[in-house]
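Below are the chains, spelled out letter by letter.
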Amino acid sequence: MEDSVLTGQEHDPDFVSQIIRYGGHDVQTCLQCGNCTGVCPVSLKTPYKTRNLIKLCQYGYKKIFFSIPWICAGCHRCYEHCPADIDPAEVFVAIRHIQVRERGVPRWIRDNVGLILRNGFGAVPSDDIRRYRERQGLEPLPNTLPGYRTALEELATIFRRTGFDRILGLEEKK
C-alpha cells in the first residue's frame, strides 16, 4: 500500500458517509496524530496501522481498505487516547458491516462458525491436545462431556431462529 501510486480511481466519495451510517464516527475529524497507533495492542504485529487505516477512510479508499489484511482487537484504547474523539474501533466495526453487506460474510468466518456448530470449537483440538490434557490431569474438553450435543443443538436452533445460519450460508450444510 505504501509503495503504490494512487490514481484517484480508488476513491469512493460515499465511503465516509457509509461509515457514519453504520455507526462509525466521522473520520474526517481525525488529526492524524498517531495516538491510536501508539496504544494499539496489534499495531506492532501488522503493517497496517490504525492511523493509516483511518487515513484510507478519510480519502475514500474503500477498495484498497477491503484489499488489505487489517485487524482490530476492538479494545477501544485508541478511543481513550484520541484528541478528536474518534473511536477507530467503532469505525472498523462499521467497515465490517459494509464489507459483509457488499461482499458477504468472509469465508473464514463461515468456516469457523461451521466448526463451532459441528464441534463446539472454532479450532478443533487435536488428539495430541486431548492426550496432553489427560497427562496433565486437566478436565476433559467440554465436547466430550454429557449434554454437550444438546448444547450444540440449542446453538443451532438459535442460529436457525435468528436467521444467522441463512446469513452465513450454513443452512444447507447441516
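See the structure shown above.
Keep in mind that what you see is a predicted model, and the values were worked out from it rather than measured. (Residues numbered from 1 in each chain as written. Predicted model: local features only at pLDDT ≥ 70, side-chain atom pairs only at ≥ 80, totals over all residues. Heavy atoms only, no water.)

Caption draft 1: Molecular detail of the overall build of the protein chain. A count of helical and extended segments in the protein chain gives ten helices and zero strands. Taken over 174 residues, the protein chain has a buried fraction of 36%. In the protein chain, 66% of the contacts between residues at least 6 apart in sequence involve partners at least 24 apart. Carbon together with sulfur atoms contributes 53% to the accessible area of the protein chain, which is approximately 11,000 Å² in total. Across the protein chain, the centroid of the 24 positively charged side chains sits 4 Å from that of the 21 negatively charged ones. (Helix = DSSP H or I, 4+ residues; strand = E, 2+ residues; numbered from the N terminus. Buried < 20%, exposed > 50% of the residue type's maximum accessible area, 1.4 Å probe, protein only. Contact = heavy atoms within 4.5 Å. Areas by Shrake-Rupley, 256 points an atom, 1.4 Å probe, with all protein chains shown as cover. Lys, Arg positive; Asp, Glu negative; His and termini not counted. Charge placed at Lys NZ, Arg CZ, Asp CG, Glu CD.)

Caption draft 2: Fine view of helix α6 (residues 88-103). With 16 residues, α6 should cover 22 Å at 1.5 Å per step; its first-to-last C-alpha distance of 22 Å lies within 8% of that length. Looking at α6, one finds that the buried residues are Pro88, Ala89, Val91, Phe92, Ala94, Ile95, Ile98 and Gln99. Where α6 is buried, its residues touch α1 (15-21), α2 (35-39), α3 (50-58), α4 (62-67) and α5 (77-80). Positive phi shows up at glycine 104, right after α6, with a value of about 85°. (Expected span 1.5 Å × (residues − 1).)

Caption draft 3: Spotlight on the packing of helix α7 (residues 107-119) against helix α9 (residues 148-162). Relative orientation of the contacting elements α7 and α9 amounts to 140°, with a least axis distance of 8 Å. By the angle between their directions, the pair α7 and α9 is classed as oblique. Taking contact as the criterion, the partners of Val113, Ile116, Leu117, Arg118 and Asn119 in α7 are, on α9, Tyr148, Arg149, Leu152, Leu155, Ala156 and Phe159. For the contact of α7 with α9, the per-class residue count stands at eight nonpolar, one polar and two charged. (Axes fitted to C-alpha atoms, helices over the stretch in contact; angles between N-to-C directions. Parallel < 35°, antiparallel > 145°, perpendicular 65-115°, else oblique. Nonpolar A, V, L, I, M, F, W, Y, C, P; charged D, E, K, R; others polar.)

Caption draft 4: Summary view of the packing of aromatic side chains. Inspection of the entire model under this criterion finds seven aromatic pairs. A centroid spacing of 5.2 Å and a plane angle of 65° characterise the contact between phenylalanine 65 and tryptophan 70, whose relative ring orientation is edge-to-face. Residue classification places phenylalanine 65 among the buried residues on the basis of a relative accessible area of 0%. The buried category is assigned to tryptophan 70, whose relative accessible area is 14%. Three or more aromatic residues joined by ring pairs make a cluster, and in this case those are Phe15, Phe65, Phe66, Trp70 and Phe92. (Phe/Tyr/Trp six-rings, centres within 6.5 Å; stacked < 30°, edge-to-face > 60°.)

Caption draft 5: Layout of the pattern of salt bridges. Counted according to the given criterion, the structure contains five salt bridges. Note that arginine 107 is salt-bridged to aspartate 111, the shortest N-O span being 3.3 Å. In this pair, arginine 107 and aspartate 111 both sit in helix α7, four residues apart, roughly one turn of the helix. Accessibility expressed as a relative area gives 58% for arginine 107, which makes it exposed. The exposure class of aspartate 111 is partly exposed, given its relative accessible area of 35%. Ionic pairing is found between arginine 131 and aspartate 128, a salt bridge with its closest N-O pair at 2.5 Å. Note that arginine 131 and aspartate 128 are positioned in helix α8 (residues 127-135) at a spacing of three residues, about one turn of the helix. Taken together, the salt bridges that share partners define one network made up of Asp12, Lys62 and Glu102. (Salt bridge = Lys/Arg side-chain N within 4 Å of Asp/Glu carboxyl O.)

Caption draft 6: Representation of unusual backbone geometry within the structure. If you check the backbone angles, glutamine 32 has positive phi at about 60° while not being a glycine. For glutamine 32, the location among the structural elements is in the loop between α1 and α2.

Any link to function would need more than the numbers given here.
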